[in-house]
Structures are given as structure tokens and as C-alpha cells.
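Below are the chains, spelled out letter by letter.
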Amino acid sequence: MDYTAHVDTFARDRLPPRDQWPEFIFDLPELRYPERMNCATELLDKAVTEHGWGERMAILSPRGNLSYRQLLETANRIAGVLVEDMGLVPGNRVLLRGCNSPMMAACWFAVQKAGGIAVATMPLLRARELTDVITKAEVSLALCEHELLGELDLARPACPSLGRVACWYGGDLEGRMAAKPADFSNVATSRDDIALIAFTSGTTGKPKGTMHFHRDVMAICDCFPRSTLKPAGDDLFCGTPPLAFTFGLGGMLLFPMRFGAATLLLERLTPEALLKAIQDHRATICFTAPTFYRMMAGLAAGFDISSLRKCVSAGEALPVATRELWRQATGIRIIDGIGATELLHIFISAAGDDIRPGATGKPIPGYVAAVFDEDGNPLPPGRIGRLGVKGPTGCRYLDDPRQAAYVHDGWNFTGDSYLVDADGYFHYQARTDDMIISAGYNIGGPEVEDALLQHPAVAECGVIGVADPDRGQVVKAFVVPRPGFQGDAALVAALQEHVKRAIAPYKYPRLVEFRDALPRTETGKLQRFRLREQAKGQ
Ligand code: 3UK
């Protein structure tokens, strides 16, 4: 057995069988980490002790600001509480529940320092969903923002594994921290010890826990940011994704820290509030989802956001229309990137002059990707198939038979259909199970959405296939009209005509329904399955 610092081996014992692991690739020299490595030492302690960034700002927020040194001391005191007051043993799972804030960030690092496994959860989760996560990961300790304690308390009777809970911003945690030293000796974890379990948003079925090692945390910092985003120490990151979503964990915390930059952590953001924050703090890098860029584009003229240099979009496909609106509003070309909880962060992307509107980009250095047919054979350029990817990170579900569906022959299959063009650019088509098959044609909902979004009357839209006796399925669009536009028969006809002119006419939505809003996850993804359920019920 390899070296491990974990005394509690629950998670390690529930890694998938070796023959179901994806193949890992560590070609890049920067991805060869020492055998004993703690990601908190690398990202936080060394920022102060080796890089000399102690007096630089690490976190800005309405709750107060923390320099790197202050963040380190805060995390050290919390680690002291975890070990001495709460009895944490290396390998224990620690639930983290809070909005993006300095304390949420410090708690994440404290868990790493103490050799625990962070199980961060979305602030909006209810007792039922918390119960699933806590029981699946056998969580024994929790750190929780006091205001969010209610749902956790409701979950507790059904969570026998959960022992002590400490709360910040109005609970007992700060008081306990004051009694702990400002230094802490980090547990000497292995690079292959599990650092976090991230649960997938899971549109159907129970959420899956994806397990990631200390080296995976470092690998995502040394891949997408180093090759594509290229941040500098004077950057200020901002954006919407929660730290409990790995898109946010990387973009809002780990990446800025890897480069000695600062992050602006804000709660309950609206498009206006994010624009105002960029203006007030002169933020330079923004991470959010496509719909947020679309909403901000319409409001940007009212703010001075001239400080902004780079914008990253992920979570779902970035429509060309949204890309163009943002470029017109700000002059900035969005860096699109596809990532997944299973792979921890972004693996296909493009920035600057490498951007091709309509394509996600190319596999970023460190990763390889290919498109496969139903039987697992690689497809030539121009053919639509299933996306497979491998690199330094990959899928390891916690005790889950669905591992075999995500990983075969060493490749991670994300459940997306893609095509590669002759230049090696990857073009997103749809989620594999969202492909619409109408009268024998394969139609990707996002392509139709993209065309609809180019019409001035469309604020938001979602396109699905609904059962049809003659065609198998027909294309149906749910459209949220922009203020000032009437959702009537004339607009239906205008939208249909518009789509027929923009893309192959057989893809036009035969059915159009107007809505005030569309169902979305907390991470900004359109919930097509809900639209399908609603369409079925009609
Ligand atoms: C979809 C995209 C087209 C795609 C994520 C960046 O979204 C993240 O993780 P999830 O586990 O979902 C993964 C799935 O979301 N998707 C994400 N980005 C794009 N589709 N274009 C994109 N740019 O279906 C993928 O399989 O919630 C994103 C970083 C970390 C993440 N966890």
C-alpha cells in the first residue's frame, strides 16, 4: 500500500477498483509533484513563507479583507479548532456549508491543513439533499455559516455519522479560534490522499461524489490558468460560482492564490451587483456562466468596468450571440471552457487569438480529447460523437456503480456530444441524452438556442425534443421574451422564420412556448429535463 497520512480510510477504501480508473497523464513537467504534498502548504503556507506574499491581499469581501498572512493565520486557528475541539482525525470528511466568503475559504484550507477531506455544499441545498451528501460520504464534522444552519439542523436526525458542528459569522467558531495559536503544523499528506469530495449537481438520480487528490488540486492550478488564462499577481478575480462548485473553487480561490493574485468574494450576486463590484473594486478577471454574461451585457453601459481584462465562461455552452453581445458591450472576447466536476476543472478551452466563435476550443496542455462512436471507436473530423477526455485529473466516484458508465478504456466520457473540425477545434453539440432526433435528423438543442438568441426579441431560451407520432420528436423552444416584446403568434412566426434563415431549415422549432423564466440549477445550467417533464405533462 502506498504511503497515506489518512488514519480514517473510509474514502480511500471506497475508491473505484483500479481497472475502472481513467488513465492519468502527467506529461507536463509542472505536473510532477513530490510524493508528500499538502495542497494547503503549496497554495497558502508557501505564499507567505516562500513567495513573500504575506502582506498582499488574498481576499476582498464585504465581510472584510484578508492578506495572505491573515488568511494563513485564520486557517491555522480553524485547523486548531478542528483537531483539538472537534477531534478531527486525518481522512475524516468535513462538511462545509456557506456562501462565498473569507471564512468559507479559510475553512476549506483548514480542512486541508488538518488532513481532512473537504465536502463543500451549495448554499441552497435543503435538508433532504444535505442528508444524501452527509450519509454517502459519512461526514463526521461540519463547519457552517450560522445563517445557513437551519437546513443542516433539519438534516441531522437522519445523519447518524455527523458529530460536531461549529458555525461562523454568528456562531461559536470565531470564539474558539481566538483560543488557538496562529500557527499550525500541516499534516504531511500524500499527493494521492483525497483532499475533497465534490458532489455532482446530478439532474437525475442520487448525486455522485467525485474524489480528488491533493495533486489534482495542484494540477488544475497548473493547467488551465497557466496555459490559457495566464493571470498575474496584480489581478483581482471576481465572479459568481460558489466555492462548493469546482468551477468556483478553482476560479474564485485556488487560481488566484496559485499566482499571488486576489479574489473578491461576494454573496447572492445579481448581474447589476457583479457589474457594480467590478466597477468599485476595479476587478480584472471574471468567472461566470453564459446567461450571466448575457444579462450583464445589457446593463454594462451603466457601469465603468474598464478594469476588466479577461472573462471566463463555463457550465454550459456559450452561444455565439452571447459572445458577441459581451464583445460589443466590453470589447472582451470571452474565454469559453468546458469543465466537469469529475475532472475537477476546465480541460478544453481557448483564449485570445485562438478563440473561434462556435467552438469551445482545443484540449488544454496536459489533456487529450477525442470523439468516439457508440462502439467506442474514434471518429474522424466532422463527425458527431461522444466526447472522451484524459489528463492529470479524472473521474473517481465514491463507491458508485456509475463509475463504469463514465470511464471506459481509460477515457472519461463526460456525456457530451461534440465534433472536431479539420483544425482540431472541438464544437459542442448537446448533452448526449439531450440530442433531438426528428424525422431521422440529429439536432442539437444548443444550436437552435444559439440561433434564437440572435433574435432581438429573445432574452433567454431552451430547446428540447418532444414526442411526435410522425417525426419521432419535434423541436420545441421555450422562449423568455425581452421586455417590450409580446409573446404572441406573430412572434412565433417571426422566430421560426429567423431560425430557418440562420441554420438548416429542418432544425426550426415547430413548437414555441413563451415563459417568464426558465428552470436553472444553482450553477446556472438550464434544466432541460424539467422542460421535457413540463412538455410531457401538457
Ligand atoms: C457542461 C459545458 C458546453 C457539459 C464545470 C468548469 O460545469 C462544470 O461541471 P458540472 O459537473 O457539469 C459538467 C457538464 O457541464 N459544460 C460545462 N462547461 C461547458 N458545455 N460548453 C462549456 N463551456 O455538459 C459538462 O459535461 O456541473 C465547469 C469547471 C468546473 C466544473 N465543474
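Here the structure is a predicted model, which means the values were calculated and not measured.

So, on to the overall build of the chain. In terms of regular secondary structure, the chain is built from 17 helices and 25 strands. Taking 538 residues into account, the globule formula puts the C-alpha radius of gyration at 24 Å, and the chain, at 23 Å, falls close to it. Along the longest, intermediate and shortest principal axes, the C-alpha atoms of the chain span 70 × 55 × 50 Å. For the chain, the proportion of its 538 residues judged to be buried stands at 61%.

Taking burial as the measure, the five residues of strand β5 (residues 141-145) include five buried ones, the bulk of the element. What you see with β5 is no split at all: Leu141, Leu143 and Glu145 on one side and Ala142 and Cys144 on the other are buried throughout. Across four bridges, strand β3 (residues 93-97) lies against β5 in parallel orientation. Paired with Arg97 across the bridge in β5 is Cys144. Taken together, the four bridges between β5 and strand β6 (residues 165-168) define a ladder with parallel strand orientation. Looking at the pairing, Cys144 lines up with Cys167 of β6. For the crossover from β5 across helix α6 (residues 149-155) to β6, the handedness is right-handed.

It is worth spelling out the site of the ligand at this point. Lining the immediate surroundings of the ligand are 22 residues, of which Asp336, Gly337, Thr341, Asp416 and Lys525 lie closest. Within the side chain of Asp336, an N or O atom sits 2.8 Å from a nitrogen atom of the ligand. Asp416 is positioned with one of its side-chain polar atoms (N or O) 2.4 Å from an oxygen atom of the ligand. For the ligand, whose unbound accessible area comes to 610 Å², protein coverage reaches 95%. Looking at the shell around the ligand, the elements with two or more residues in it are α10 (246-258), β13 (335-339), β19 (411-420) and β20 (426-431). Class assignment of the residues belonging to the shell around the ligand gives a composition of nine nonpolar, eight polar and five charged.

Turning to the domain arrangement of the chain, a few remarks are in order. For the chain, the assigned domains are domain 1 (38-188), domain 2 (212-433) and domain 3 (435-536). A C-alpha centroid distance of 26 Å is found between domain 1 and domain 2. Taken residue by residue, the interface counts 33 residues in domain 1 and 32 residues in domain 2. Here domain 1 and domain 2 share an interface that buries about 2600 Å² over both sides, 65% of which is from carbon and sulfur atoms.

Moving on, we come to helix α5 (residues 127-136). Turning to α5, its buried residues are Ala127, Leu130, Thr131, Asp132, Val133 and Ile134. Contacts from the buried residues of α5 go to β3, β4 (117-121), α6 and β7 (194-199). Glu138 occupies a position one or two residues after α5 and carries a positive phi of about 40 degrees.

Tracing the backbone through its elements, the reader meets Glu316 in the loop between β12 (310-313) and α13 (320-330). Look past the residues within four positions of Glu316 in its chain and what remains in contact with it is Pro290, Thr291, Arg520, Gly524, Lys525 and Leu526. Separated by 3.1 Å, the side chain of Glu316 and the backbone nitrogen of Leu526 make a polar contact.

One open sheet accounts for nine strands, arranged β2-β1-β10-β9-β11-β12-β13-β14-β15; its pairing is mixed. With partners counted over all chains shown, the strands left at the sheet margins are β2 (66-67) and β15 (362-363), one partner each. Its contacts with the sheet place helix α12 (residues 290-297) against β11 (285-288) and β12, and it is angled at close to 120 degrees to β11.

In this section: the environment of Glu324. In this fold, Glu324 is placed in helix α13. Under the relative-accessibility criterion, Glu324 is labelled partly exposed at 43%. Between the alpha carbons of Glu324 and Cys238 there is a distance of 21 Å; along the sequence they are 86 residues apart.

On to the sheet that holds strand β23 (residues 458-468), then. With mixed pairing, the three strands of this open sheet are ordered in space as β23-β24-β25. The open sheet is flanked by β23 and β25 (511-514), the only strands paired with a single partner. When strand polarity is set aside, the average angle formed by the axes of neighbouring strands in this sheet is 25 degrees. Bridging between β23 and strand β24 (residues 472-481) involves 10 bridges; their strand directions are antiparallel. Across the sheet, the residue bridging to Glu460 is Val480, located in β24. Packed onto the sheet, helix α15 (residues 445-453) meets β23 and β24 and runs at close to 145 degrees relative to β23.

Moving on to unusual backbone geometry. Of note in the backbone geometry, Glu138 takes a positive phi value of approximately 40 degrees without being a glycine. Turning to its location among the elements, Glu138 is positioned in the loop between α5 and β5. Overall, the relative accessible area of 39% leaves Glu138 in the partly exposed class. We note that Ala439 has phi near 50 degrees; this positive angle belongs to a residue other than glycine. If you trace the backbone, Ala439 turns up in the loop between β21 (436-438) and β22 (441-443).

What counts as what
- Residues numbered from 1 in each chain as written.
- Predicted model: local features only at pLDDT ≥ 70, side-chain atom pairs only at ≥ 80, totals over all residues.
- Heavy atoms only, no water.
- Helix = DSSP H or I, 4+ residues; strand = E, 2+ residues; numbered from the N terminus.
- Rg over C-alpha atoms; globule rule 2.2 N^0.38 Å.
- Buried < 20%, exposed > 50% of the residue type's maximum accessible area, 1.4 Å probe, protein only.
- Pairing = 2+ DSSP bridges.
- Right-handed = clockwise from strand over helix to strand, strands pointing away.
- Near = heavy atom within 4 Å.
- Polar contact = N/O pair within 3.5 Å; in protein donor to acceptor, adjacent residues only side chain to side chain.
- Areas by Shrake-Rupley, 256 points an atom, 1.4 Å probe, with all protein chains shown as cover.
- Nonpolar A, V, L, I, M, F, W, Y, C, P; charged D, E, K, R; others polar.
- Domains from an automatic or database assignment.
- Contact = heavy atoms within 4.5 Å.
- Buried area = accessible area lost by both parts, 1.4 Å probe.
- Axes fitted to C-alpha atoms, helices over the stretch in contact; angles between N-to-C directions.

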